[in-house]
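A structural walkthrough
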2 protein chains.
Amino acid sequence: MKLDLEIVQFEPKLAKTHENIDLMEKYIKGSKANIIVFPELATSGYFYTDKEELSKVAINAEDEIISQFQSMAEDIDKLIVFGFPEEEDSLFYNSAAILTPDREKSSIYRKSHLFYKESLVFEEGNTGFFVVDYEPLNINIGTMICYDWRFPEAARTLALQGADLIICPSNLVTGVWQGVMQARALENSVYVAVANRIGEESKSFEVLKFNGESTIIDPNGLPLVSAGGNNEISIVASIDPDLTRDKSFNEFNDIFEDRRPELYFSDNEEEE
Amino acid sequence: MKLDLEIVQFEPKLAKTHENIDLMEKYIKGSKANIIVFPELATSGYFYTDKEELSKVAINAEDEIISQFQSMAEDIDKLIVFGFPEEEDSLFYNSAAILTPDREKSSIYRKSHLFYKESLVFEEGNTGFFVVDYEPLNINIGTMICYDWRFPEAARTLALQGADLIICPSNLVTGVWQGVMQARALENSVYVAVANRIGEESKSFEVLKFNGESTIIDPNGLPLVSAGGNNEISIVASIDPDLTRDKSFNEFNDIFEDRRPELYFSDNEEEE
């Protein structure tokens, strides 16, 4: 069964939660796709180095804002994925909400690998990598956030759990991730959707420039659609989860069955 | 300390061991590099589907041919890496010899992941992934062969063992590996050297076309030098193993220390 996946690439305004949410809501209500994805920290903007400041935009999973998006997912029968700064017990996480029309399936992923000054304000994610199996669309969705891309174990863990699609809300600032995201799709034979933001944020004399180029990549590692580097835009591609289920590519090889976990990593460096 | 790494891309002639070895010897004797690398199954050619036929070109580690290359490595003070069909106790392996001027450090790697019809004649490699620490050149060399590229765990295992350089003798037939090899270098911050062959081999009505494009990639994932797709050529690049030792890229991030092995893979699918 084919379905439409939409990525909204935009510039979240720092600390302007309601302005950002209004924009997101506008895109959600105008969308014809089955799944709509926004960047990392879409509700808040990115560059926080002070917990006091972050606490003003942080959102608890029980807050009205999350319920509001959950209700939208239910009302218009759409999966909604977006990044936000999560607060729980006065600790902060760089999180992504995966909201499905079935409230029971809705989940929050907390970023596992923190980038740069994020560790000044956020805790390392403690949810681990998991897959949301959304049966009405016959799709298994895994989520990772931004810098998680750099660790092949992240996407691999999601794919081994059966992810057909890996969604990666991002605030990417480098120009080296594009080819690696394609590798993640190819090496796992899954779709990869990178929802990156645009614009700049500065703190003291430090400027971060986010480089857009959001993309949806097919299980062969080929981009189906890609956005520009500095424009607000929504991009859509049709994806077919069934194409990711068979990991064989000839009568002798299957990229999962061919794995040899007993040879991987070394006992003294790994806890697995 | 910088050193020169050379890849010889050529067309091994099927079943013509001595012709292939003569050509390799010519390149070795003419080389000014510290390390010289040849493709997978360089001594024999690739497409064997019958063990009887393979047995005629298979080489035991104790055979004169290996001693001859070992002596060359010692005499001209050079590391020599090449693929060959290895025989031991009437079993066959798709192997690579890593011969160093220090005979004690010389090793044989047996391909872990077999591609396509290789499994008709070769056993799955049982050496695992290991690194040769060659102190006179201050370099740690890991080896994988061809289809091992597809498994991020292979290069990761070598890098976690301290590989500065991953050598990948290959007989690649697809056009999808180039970007992923760059990802392997970038995600592990190591050099990657792909020694691919050229030419065609056929069996019954099946033709395999090997696509060359041998390349040496730096720890940022950028090719330092690349060969064409169908020409015999030797390519050389200067590499600096010290550049791979520090895995940090800012004051907060180190791509190895940032790993979270406790979150990787799932207990029910992995033996680690």
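Residues numbered from 1 in each chain as written. Chains lettered and ligands numbered in written order. Predicted model: local features only at pLDDT ≥ 70, side-chain atom pairs only at ≥ 80, totals over all residues. Heavy atoms only, no water.

Space inside the largest pocket adds up to approximately 380 Å³. In terms of lining, the largest pocket is formed by 23 residues, of which the most central are A:Leu186, A:Pro219, A:Asn220, A:Phe249 and B:Arg150. Looking at the lining of the largest pocket residue by residue, the class counts come to 14 nonpolar, five polar and four charged. Volume-wise, the second largest pocket comes out at about 300 Å³. As for the second largest pocket, its lining consists of 22 residues, of which A:Trp149, A:Arg150, A:Thr174, A:Val176 and B:Phe249 are closest to the centre. Broken down by class, the residue content of the lining of the second largest pocket amounts to twelve nonpolar, five polar and five charged. (1 Å grid on protein atoms, 1.4 Å probe; cavity = no way out; pocket = protein on both sides within 12 Å on 5 of 7 lines; lining within 4 Å. Points joined across faces, edges and corners; volume = space filled by probe spheres on them. Nonpolar A, V, L, I, M, F, W, Y, C, P; charged D, E, K, R; others polar.)

Below, the discussion takes up the sheet that holds strand β14 (residues 233-239) of chain B. All names here are of chain B. The mixed open sheet is built from six strands, whose spatial order is β5-β4-β3-β2-β1-β14. Because the sheet does not close on itself, it has two edges, and the strands there are β5 (107-110) and β14. Across the sheet, the axes of successive neighbouring strands diverge by a mean angle of 30°, strand direction being ignored. The sheet contact formed by strand β4 (residues 91-99) and β5 spans four bridges and is antiparallel. From the neighbouring strand, alanine 97 faces β5, where its bridge partner is isoleucine 108. Each of β3 (79-88) and β4 is contacted by helix α3 (residues 64-75), which is oriented at about 165° to β3, the strand it contacts most. (Pairing = 2+ DSSP bridges. Helix = DSSP H or I, 4+ residues; strand = E, 2+ residues; numbered from the N terminus. Axes fitted to C-alpha atoms, helices over the stretch in contact; angles between N-to-C directions. Contact = heavy atoms within 4.5 Å.)

Moving on to the pattern of salt bridges. Residue and element names in this part refer to chain A. In the structure shown here, the tally under the stated rule is 36 salt bridges over all chains. In this structure, glutamate 88 and arginine 110 form a salt bridge, with 3.2 Å as the shortest nitrogen-oxygen distance. Highlighted residues: glutamate 88 in strand β3 (residues 79-88) and arginine 110 in strand β5 (residues 107-110), separated in sequence by 22 residues. Taking the relative accessible area as the measure of exposure, glutamate 88 reaches 34% and is therefore partly exposed. (Salt bridge = Lys/Arg side-chain N within 4 Å of Asp/Glu carboxyl O. Buried < 20%, exposed > 50% of the residue type's maximum accessible area, 1.4 Å probe, protein only.)

A word on the sheet that holds strand β6 (residues 131-134) of chain B. Residue and element names in this part refer to chain B. Here we have six strands laid out as an open sheet, ordered β6-β7-β8-β9-β12-β13, and mixed in their pairing. At either margin of the open sheet sits one strand with a lone partner, and together these are β6 and β13 (223-226). Direction aside, neighbouring strands of the sheet carry axes that sit 15° apart on average.

Let us now look at the interface of chain A and chain B. Across the contact, 45 residues belong to chain A and 45 residues belong to chain B. Summed over both partners, the interface of chain A with chain B comes to about 4600 Å²; 58% of that surface belongs to carbon and sulfur atoms. Seen at the junction of chain A and chain B, the total is eight salt bridges. For A:Arg184, the salt bridge identified is with B:Glu187, shortest N-O distance 2.8 Å. Counting across the chain A and chain B interface gives 23 residue pairs in polar contact (both at pLDDT 80 or more). Counting residues per element, the ones that place at least two in the side of chain A that touches chain B are α4 (152-160) and α5 (177-188) of chain A. Of the residues that constitute the side of chain A that touches chain B, the class distribution is 21 nonpolar, nine polar and 15 charged. (Buried area = accessible area lost by both parts, 1.4 Å probe. Polar contact = N/O pair within 3.5 Å; in protein donor to acceptor, adjacent residues only side chain to side chain.)

Moving on, we get to α5(A). Residues and elements named next belong to chain A. Taking 1.5 Å per residue, twelve residues should reach 16 Å; α5 reaches 17 Å between its end C-alpha atoms and fits that length. When you tally the buried positions in α5, you get nine out of twelve residues, the bulk of the element. At the C-terminal side of α5, serine 189 shows a positive phi close to 50°. (Expected span 1.5 Å × (residues − 1).)

Time to look at the nonpolar core. In terms of nonpolar packing, the biggest core is built from 146 residues, with A:Ile35 and B:Ile35 touching the most fellow members. The contact partners of B:Ile35, leaving out residues within four places of it in the chain, are B:Leu3, B:Asp4, B:Leu5, B:Glu6, B:Lys78, B:Leu79, B:Leu137, B:Ile139, B:Ile141, B:Leu165 and B:Ile167. (Core = buried A, V, L, I, M, F, W, Y, C linked by side-chain atoms within 4.5 Å.)

Once that is clear, we can look at the relation of the copies chain A and chain B. For the match of chain A to chain B, the screw axis carries a shift of 0.0 Å, the RMSD comes to 0.0 Å, and the turn is 180°. Taken together, the rotation and translation describe the operation of a two-fold axis. Same-surface contact between copies: 100% of interface residues of chain A are shared with the interface of chain B. (Least-squares fit on C-alpha atoms with pLDDT ≥ 70 in both.)

This part takes up the packing of aromatic side chains. With the rule as written, the count across this model stands at 27 aromatic pairs over all chains. Ring plane angle 90° and centroid distance 5.5 Å describe the contact between A:Tyr116 and B:Phe252, whose orientation is recorded as edge-to-face. Residue A:Tyr116 is found in the loop between β5 and β6 (131-134), and its partner B:Phe252 is found in the segment after β14; the two belong to separate chains. Owing to a relative accessible area of 27%, B:Phe252 belongs among the partly exposed residues under this scheme. Put simply, the rings of A:Phe115, A:Tyr116, A:Tyr147, A:Phe151, B:Phe249 and B:Phe252 touch in pairs and so form one group of aromatic residues. The ring of A:Tyr93 carries A:Arg110 above its face, with NZ or CZ at 3.9 Å from the centroid. We note A:Lys247 situated over the ring of A:Phe256; from NZ or CZ to the ring centre the distance is 5.0 Å. (Phe/Tyr/Trp six-rings, centres within 6.5 Å; stacked < 30°, edge-to-face > 60°. Lys NZ or Arg CZ within 6 Å of the ring centre and 35° of its normal.)

On to the packing of α4(A) against helix α4 (residues 152-160) of chain B. Put simply, α4(A) and α4(B) touch, their axes get as near as 11 Å, and they point 145° apart. In this structure, α4(A) meets α4(B) at a crossing whose hand is left-handed. Residues A:Pro152, A:Glu153 and A:Arg156 of α4(A) lie in contact with α4(B), whose contacting residues are B:Pro152, B:Glu153 and B:Arg156. (Left-handed = near helix turned anticlockwise from the far one by under 90°.)

Residue and element names in this part refer to chain B. Within strand β1 (residues 3-9), six of the seven residues are buried, leaving the element largely enclosed by the surrounding structure. Bridge count for β1 against strand β2 (residues 35-37) is three bridges, and the pairing is parallel. Bridge pairing links isoleucine 7 to valine 37 in β2.

Turning to the environment of B:Val176, a few remarks are in order. Assignment of secondary structure puts B:Val176 in the loop between β8 (165-169) and α5 (177-188). Expressed as a C-alpha distance, the spacing of B:Val176 and B:Lys117, which sit 59 residues apart in the sequence, is 19 Å.

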